[in-house]
Amino acid sequence: MEKVKDIADTVESLSRIYHRLRKEVNGQLVNEGLSLSKMKILQLITLGKTSATDIKNYMGFSSRTVVTVLDALEKDHMLQRQQSPTDRRVKHVYITEKGLDKLRIAQQTHRVILERLLAPLSETQLEKLGEICNMLELSQ
């Protein structure tokens, strides 16, 4: 029973760390018209996730949430949507130059905050943390 409590405490700690990171990154990105979620969606678009369904499936968001974020990014000229030539039900999403510029700023901000947050960990500890996270993610 003690092991379960220790694991629950660790998971709670990870949750607090993530929320603190998210709050800090969002606070820094708000002036760029971005958030961590918007940054992640722009990253996915550059990696080839080019429809709302692709993004929804990858991120685990609801369709409504994805469409709302895509609408906001399109309104701010960070992406554009085009009808699929082969399937009228599908609109492909493409990042614009402005979106790429904002994504670079967001990634740099995210990187600086992550480096500061993870600075107390050694290289070996960071590698082990990455291995553990990958193992847990793959087991889901």
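Residues numbered from 1 in each chain as written. Predicted model: local features only at pLDDT ≥ 70, side-chain atom pairs only at ≥ 80, totals over all residues. Heavy atoms only, no water.

Trainee: How should helix α1 (residues 2–29) be read in this particular structure?
Mentor: Over its 28 residues, α1 runs 40 Å from end to end, which matches the ideal 40 Å to within 8%, given 1.5 Å per residue. Three or more residues of α1 are buried, namely Leu21, Val25 and Leu29. Structurally, α1 contributes buried residues whose contacts are with α2 (36–46) and α5 (97–118). (Helix = DSSP H or I, 4+ residues; strand = E, 2+ residues; numbered from the N terminus. Expected span 1.5 Å × (residues − 1). Buried < 20%, exposed > 50% of the residue type's maximum accessible area, 1.4 Å probe, protein only. Contact = heavy atoms within 4.5 Å.)

Trainee: Help me understand the layout of surface pockets in this model?
Mentor: Gaps left between atoms show up when a probe the size of a water molecule is rolled over them. What the largest pocket holds in volume is close to 1400 Å³. Lining the largest pocket are 30 residues, with Leu14, Tyr18, Leu21, Leu129 and Cys133 positioned closest to its centre. Contributing elements (two or more residues each) for the lining of the largest pocket: α1, α2, α3 (52–59), α5 and α6 (123–138). If one sorts the elements of the lining of the largest pocket by residue count, α1 sits on top with eight residues. Residues of the lining of the largest pocket, tallied by class, amount to 20 nonpolar, seven polar and three charged. (1 Å grid on protein atoms, 1.4 Å probe; cavity = no way out; pocket = protein on both sides within 12 Å on 5 of 7 lines; lining within 4 Å. Points joined across faces, edges and corners; volume = space filled by probe spheres on them. Nonpolar A, V, L, I, M, F, W, Y, C, P; charged D, E, K, R; others polar.)

Trainee: Help me understand the pattern of salt bridges in this model?
Mentor: Note on pairing: side chains with opposite charge can pair once their charged atoms come close. In the structure shown here, the tally under the stated rule is seven salt bridges. One salt bridge in this structure joins Glu32 and Lys102, with 2.8 Å as the shortest N-O distance. Here Glu32 is found in the loop between α1 and α2, whereas its partner Lys102 is found in helix α5, with 70 residues between them in sequence. The class of Glu32 is partly exposed, set by a relative accessible area of 23%. (Salt bridge = Lys/Arg side-chain N within 4 Å of Asp/Glu carboxyl O.)

Trainee: Looking at this structure, how should I read the environment of Ser84?
Mentor: Inspection of the secondary structure assignment puts Ser84 in the loop between β1 (79–83) and β2 (91–95). The spacing of Ser84 and Leu29 is 55 residues in sequence and 32 Å in space, taken between C-alpha atoms. Among residues more than four places away in sequence, those in contact with Ser84 are Val90, Lys91 and His92.

Trainee: Looking at this structure, how should I read the packing of α2 against α5?
Mentor: Geometrically, a packed helix pair is captured by the angle between its two axes and the distance between the axes. Their axes nearest at 10 Å, the elements α2 and α5 cross at an angle of 120°. With respect to α5, the axis of α2 lies oblique. α2 and α5 meet at a crossing whose hand is left-handed. Across the interface between the two elements, Leu36, Met39, Leu42, Gln43 and Thr46 from α2 touch Gly99, Leu100, Leu103, Ala106, Gln107 and His110 from α5. Tallied by class, the residues present in the contact of α2 with α5 amount to six nonpolar, five polar and no charged. (Axes fitted to C-alpha atoms, helices over the stretch in contact; angles between N-to-C directions. Parallel < 35°, antiparallel > 145°, perpendicular 65-115°, else oblique. Left-handed = near helix turned anticlockwise from the far one by under 90°.)

Trainee: Mind showing me how you'd approach the packing of α3 against helix α4 (residues 63–75) here?
Mentor: Between α3 and α4, the shortest axis-to-axis distance is 9 Å and the interhelical angle comes to 120°. The angle between α3 and α4 places the two elements in the oblique class. In terms of crossing hand, the pair formed by α3 and α4 is right-handed. Between α3 and α4, the contacting residues are Ala52, Ile55 and Lys56 on the first element and Ser63, Val66 and Leu70 on the second. Looking at the contact of α3 with α4 residue by residue, the classes come out as four nonpolar, one polar and one charged.

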